[in-house]
Amino acid sequence: MKSAYQPIDTPAPNPIGPSSFVKKRLLSLDALRGFDMFWIMGADSLIKRIAKTTDSPFWDTLAIQLDHPEWNGFHFYDLIFPLFLFMAGVATPYSISSRLKKGHTKQQVLRHIIKRGIVLVLLGIVYNNGLELKPISEIRFGSVLGRIGLAYMFANIIYLYARERVQYMWFGGLLLGYWLLLKFNSAPGFPMGDLTMEGNFASYLDRIIMPGRLYKGIHDPEGLISTIPAISTGLLGIFAGTLLKNKPFSELRKASLLAVVGVVCLIIAQLWNLDFPINKNLWSSSFVFHTGGISLLLLALFYYIIDIKGYKSWTFFFRVIGMNSILIYISGHFIDWRYTTSAFFEWVGQLVGDPYNIVAMAICYILVKWVFLYILYRNKIFLRV
């Protein structure tokens, strides 16, 4: 089995070397994916426990960044989800190109894309509700994995069938269309363009068309309508992957272009924020540009350090996580990690003693998960969706 979004070793143009093709693997993408997942496999809890123990303004500030804002605004924790979807897009030009070069038809690739999207939606439903029979009214259908599945699926279909210029038109059209949809509509009884949880048009449509229950009763942060702009997040990753794989530029210029476009996206986000606030709950168009800009900057940084400068040894810790990212995400519903950590390392907390025992146990918690992933990595066992 291979990781769901693992970039495949394929020949890539080498405009600065004597050979026309070289074997190239985006180690930076594996490392960045692992860095992303590291924060939700225990690093967030570690930072919060350090803040609680030290009562330091510095650590308190970091801890605040590891919670989502109530509605509008942006914290670092809001980046984890869109960054993962962005990276799925980066891998798309590599994976689809590989399948086509192996002789697969576009129809076969399309079936694979749709199958993967559906499987992710189903996994998301299981993640939310477990393997328990419930009335439909009690089932939550919206999910992180479901949004990744749907946004990935539609972004990949656009990439498969549309020319590059048309892909950019889809990217902009989805974001503009979503903005206009919310700007000139609202829930009944609210003024046009209302963007509160109760009054925004996206949540209102979700309440009408989505079966089961919404996460917050009247709103679901992974609702169906707000998945529309998430497709553009996947497309932005595809644009980055196309640049890295296909454009006849030097590696340094590619990294520079990623960084420049990232800054431009951040500027657009701040301007659009004046009318359409940065909001993860609505996956607003400004949110797409803001998180997309940061994602591009991180990819440029990781690509420059790892794939260009060749500093790779430090990435091993993150690559082990990144190679089984979906597995570690869903594992908490099937493995009691806290029980396992206490079983093996309760003595560590006892030796350390109050107040730093909670910090020590948070480190052990991350270590237990990482060792589990390392064993799978050594045995080449990777969850494939």
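Asks: Any chance you could break down a nonpolar patch on the surface for me, citing the residues and the numbers?
Replies: A surface patch of nonpolar side chains, amounting to about 430 Å² of accessible area, comprises V263, I267, L271 and L274. Position of V263 relative to the elements: it lies in helix α9 (residues 251–273). What makes V263 partly exposed here is its relative accessible area of 41%.

Asks: Can you tell me about the pattern of salt bridges, naming the residues and giving the values?
Replies: Two side chains of opposite charge can pair, provided their charged atoms sit close to one another. Taken as a whole and judged by the stated rule, the model has seven salt bridges. K183 is the salt-bridge partner of D275, the closest N and O atoms lying 3.2 Å from each other. In this pair, D275 is assigned in the loop between α9 and α10 (285–308) and K183 in helix α6 (residues 164–183), connecting sequence segments 92 residues apart. A relative accessible area of 38% means that D275 is categorised as partly exposed. We classify K183 as partly exposed; its relative accessible area is 29%. Connected via shared salt-bridge partners are R140, D220, E222 and K280.

Asks: Which residues make up the environment of G212, and what values go with them?
Replies: Note that G212 resides in the loop between α7 (201–209) and α8 (227–246). Taking the C-alpha atoms as reference points, G212 and S137, 75 residues apart in sequence, are found 4.1 Å from one another. Discounting residues that sit within four places of it in the chain, G212 has contacts with I136, S137, I139 and F141.

Asks: Quick one: what's the story with the confidence of the model for the chain, residue by residue and with numbers?
Replies: For the chain, the average pLDDT comes to 90, and 94% of its residues sit at 70 or higher. For residues 1–23, every residue scores under 50 in pLDDT, and the model assigns this stretch 63 contacts once sequence neighbours within four places are set aside.

Asks: I'd like a description of the nonpolar core, backed by residues and values.
Replies: In terms of nonpolar packing, the biggest core is built from 102 residues, with L32, W39, F86, L235, L258 and L299 touching the most fellow members. Broken down by element, this core gets its largest block of residues, 13 residues, from helix α1 (residues 27–54). Setting aside chain neighbours within four positions, we find L235 in contact with A155, I158, Q167, W170, F171 and L174.

Asks: Go over the packing of α6 against α10, please, and point to the residues and values.
Replies: Axis separation between α6 and α10 bottoms out at 8 Å; the angle between their running directions is 140°. The angle between α6 and α10 falls in the class oblique. For the pair α6 and α10, the contacting residues are F171, L175, Y178 and W179 in the first and S285, V288 and F289 in the second. A breakdown of the residues in the contact of α6 with α10 according to their chemical character gives six nonpolar, one polar and no charged.

Asks: Go over unusual backbone geometry with me, naming the residues and quoting the values.
Replies: Here the bond from D354 into P355 is cis, since omega is -5°, no more than 30 degrees from zero. Despite not being glycine, W283 has its phi angle at roughly 50°, a positive value. Relative to the helices and strands, W283 resides in the loop between α9 and α10. Since its relative accessible area comes to 0%, W283 is described here as buried.

Definitions and cut-offs
- Residues numbered from 1 in each chain as written.
- Predicted model: local features only at pLDDT ≥ 70, side-chain atom pairs only at ≥ 80, totals over all residues.
- Heavy atoms only, no water.
- Patch = residues over 30% accessible without salt bridge, like charges linked within 9 Å, V, L, I, M, F, W, Y side chains within 5 Å.
- Areas by Shrake-Rupley, 256 points an atom, 1.4 Å probe, with all protein chains shown as cover.
- Salt bridge = Lys/Arg side-chain N within 4 Å of Asp/Glu carboxyl O.
- Helix = DSSP H or I, 4+ residues; strand = E, 2+ residues; numbered from the N terminus.
- Buried < 20%, exposed > 50% of the residue type's maximum accessible area, 1.4 Å probe, protein only.
- Contact = heavy atoms within 4.5 Å.
- pLDDT = per-residue confidence, 0-100.
- Core = buried A, V, L, I, M, F, W, Y, C linked by side-chain atoms within 4.5 Å.
- Axes fitted to C-alpha atoms, helices over the stretch in contact; angles between N-to-C directions.
- Parallel < 35°, antiparallel > 145°, perpendicular 65-115°, else oblique.
- Nonpolar A, V, L, I, M, F, W, Y, C, P; charged D, E, K, R; others polar.

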